[in-house]
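Structure assessment
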Amino acid sequence: MPKSLGLLALLLLVGCTTVRSTQKKLNSGDYDAAIEKALKELRPNKTKKSAQDYVLLLHEAFLKAQERDHRALDKVQDNPELAQRKQTYQLLNTLDQRQEKIRPILPMMNPENGREIVFPFEDYSTQRQAVSNQLASLILNQAEDILGKNLSYYWYRENYKELQYLEKIRPLDQNTQALARQVYEKGVGYGYGRLINQSDQVLPKAVAKALLRVGPSENIGPWFRYHPQPQEERKYHFEAQMTINEIGLSPETLREQIITREKQVKDGTQPLRDSNNRIVLDSLGEVIEVDRFKKVTATIYKKQQHKAAYVQMELKVVNLQSGFTVTTIPLETTWVFDHYFADYKGEKDLIEEDLWALIEERQRPFPSDTQMLLDAFGELRLDIHQALLKLEL
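Note that this is a predicted model, so its numbers are computed, not measured. (Residues numbered from 1 in each chain as written. Predicted model: local features only at pLDDT ≥ 70, side-chain atom pairs only at ≥ 80, totals over all residues. Heavy atoms only, no water.)

Scanning the protein chain from N- to C-terminus turns up 10 helices and 6 strands. The dimensions of the protein chain, computed from C-alpha atoms along their principal axes, are 120 × 85 × 35 Å. Looking at the protein chain as a whole, 35% of its 393 residues are labelled buried. Intrachain contacts of the protein chain at a sequence separation of at least 6 include 72% that bridge at least 24 residues. For the protein chain, the exposed surface amounts to about 24,200 Å²; the carbon and sulfur share of it is 49%. The positive charge centre, built from 54 side chains, and the negative charge centre, built from 55, are 4 Å apart in the protein chain. (Helix = DSSP H or I, 4+ residues; strand = E, 2+ residues; numbered from the N terminus. Buried < 20%, exposed > 50% of the residue type's maximum accessible area, 1.4 Å probe, protein only. Contact = heavy atoms within 4.5 Å. Areas by Shrake-Rupley, 256 points an atom, 1.4 Å probe, with all protein chains shown as cover. Lys, Arg positive; Asp, Glu negative; His and termini not counted. Charge placed at Lys NZ, Arg CZ, Asp CG, Glu CD.)

Now the structure itself:
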């Protein structure tokens with residue numbers, strides 16, 4: 001088969017497959033997916049012969065999608081409840097956006113009779129505005145109502161989400177933004193930390209202060225504020241109890257490993273001797289010279305400075321309003337200081353590159369016990385922060 005005919009056959013096969021895929025989505029009720037596929041084929045050139053099958057598919061998918069959404073709209077548009085008002089607004093949006101996707105490629109002609117195909121577009125702007133006003137009234141009235149009550153912060157968080165939804169569909173004026181901030185603040189939960197040292201070690205003040213800070217700021221997630229110590233006149237919802245059960249500090253140790261390298265190297269020449277230790281001569285009577293070798297060595301003293309801090313503790317988060325424990329999480333870490341350096345004696349050319357890098361190092365001062373604990377608790381602070389972040393406080 002000529003290449004051109006083979007390519008044509010392939011293009012026809014691909015085109016037929018795409019048409020069948022679009023028809024399948026239409027038949028299964030996935031009207032918007034069928035519309036998207038048809039538009040993708042029609043946008044480049046809606047008049048080309050291979051695109052004509054999609055004209056009728058697009059029209060049928062549009063009519064069925066609009067009819068389905070109008071049926072859904074009839075069921076909810078007269079219901080004054082917030083959920084139904086939101087559903088009504090979403091349906092009106094969907095109906096309008098579907099029209100706007102198709103509008104740029106109009107007009108389109110029916111490939112069967114050459115007449116213009118009618119897409120029955122409607123103007124939904126008045127309805128959308130009316131529903132938007134109803135939503136604003138419902139959400140703002142709810143916000144003003146709950147601000148005057150002492151409710152669980154769950155209700156304020158839910159209303160704040162509704163206010164965020166309202167902001168997406170219409171701009172909020174300054175008064176409404178101020179109202180939203182008040183609702184948000186009442187939805188925020190506050191907690192503080194309390195450190196309990198049950199180990200047999202005295203905890204340095206700097207370490208205790210660092211551990212209680214937990215994170216880089218007081219914000220832990222969108223709805224939780226954490227303070228290292230309770231503040232006056234602040235109502236708190238949670239207490240984060242950090243109980244240290246065990247602290248271990250290893251002694252400072254310096255370990256040494258001796259590594260030896262040796263090699264035979266040429267060291268001039270010497271007369272060749274036979275088994276009787278007599279000098280061997282060549283055919284001309286000259287002394288035969290051979291290479292003389294000697295052994296060279298290098299001794300590397302590889303040293304390791306080592307010190308470790310071990311901490312085992314427990315995080316318990318308590319709801320101060322109910323007295324119930326929200327969560328209990330065991331935590332532990334080992335912070336290790338290891339430093340390697342080396343000295344040597346002998347032939348430096350025998351020393352490998354990685355060992356030479358250690359020789360260029362120098363012994364370092366051991367970190368203090370306080371610094372070791374700061375580093376160890378620094379890791380635990382991250383674990384505590386992540387644990388608080390995962391809680392729905």
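Right, let's get into the environment of Thr260. Inspection of the secondary structure puts Thr260 in strand S4 (residues 253-271). Residue class for Thr260 comes out partly exposed when judged on its relative accessible area of 46%. Measuring from C-alpha to C-alpha, the distance between Thr260 and Tyr344 comes to 9.6 Å, with 84 residues separating the pair along the chain.

Within this structure, the stated rule accounts for 11 aromatic pairs. Centroid distance Tyr160 to Trp223: 5.6 Å. Interplanar angle 90°. Geometry classified as edge-to-face. Taken together, the residues span a long stretch of sequence, with Tyr160 in helix H6 (residues 153-169) and Trp223 in the loop between helix H8 (205-213) and strand S2 (224-227) at a distance of 63 residues. Each of the two residues, Tyr160 as well as Trp223, counts as buried. Among the aromatic residues, those joined into a ring-pair cluster are Phe62, Phe119 and Phe121. The ring of Tyr165 has Lys86 lying over it, and the distance from NZ or CZ to the ring centre is 4.6 Å. If you follow Arg234 out to its NZ or CZ, it ends over the ring of Tyr190, 3.8 Å from the centre. (Phe/Tyr/Trp six-rings, centres within 6.5 Å; stacked < 30°, edge-to-face > 60°. Lys NZ or Arg CZ within 6 Å of the ring centre and 35° of its normal.)

Turning our eyes to something else, we now look at the pairing of strand S5 (residues 289-319). Inspection of the sheet shows strand S3 (residues 238-249) paired to S5 by 11 bridges, in the antiparallel sense. Along S5, the bridge assignment pairs Ile244 with Met313. Strand direction decides the pairing type here: S4 and S5, joined by 17 bridges, are antiparallel. Bridge pairing links Leu254 to Gln305 in S5. As defined by bridge partners, S5 adjoins strand S6 (residues 325-346) across 21 bridges and the pair is classed as antiparallel. Each residue of the ladder has a partner; that of Val311, found in S6, is Thr333. Linking two consecutive strands that pair antiparallel, namely S5 and S6, is a turn of 5 residues; a positive phi of about 80° is found at Gly323 within it. (Pairing = 2+ DSSP bridges.)

Here the focus is the confidence of the model for the protein chain. Averaged over every residue, the pLDDT of the protein chain is 90; residues scoring 70 or more account for 96%. Scored below 50 in pLDDT, residues 4-15 shows 2 contacts in the model against residues more than four places distant or in partner chains. (pLDDT = per-residue confidence, 0-100.)

Below, the discussion takes up the pattern of salt bridges. Taken as a whole and assessed by the stated rule, the structure comprises 23 salt bridges. Among the salt bridges present, the one from Lys86 reaches Glu162, with a minimum N-O distance of 2.9 Å. Taken together, the residues Lys86 in helix H4 (residues 82-102) and Glu162 in helix H6 connect sequence positions 76 residues apart. Judged by its relative accessible area of 24%, Lys86 falls in the partly exposed class. Using a relative accessible area of 16% as the deciding quantity, one classes Glu162 as buried. Glu361 is the partner of Arg364 in a salt bridge, and the nearest nitrogen-oxygen pair spans 3.8 Å. Within this structure, Asp32, Arg68, Asp69 and Arg98 form a network of salt bridges that share partners. (Salt bridge = Lys/Arg side-chain N within 4 Å of Asp/Glu carboxyl O.)

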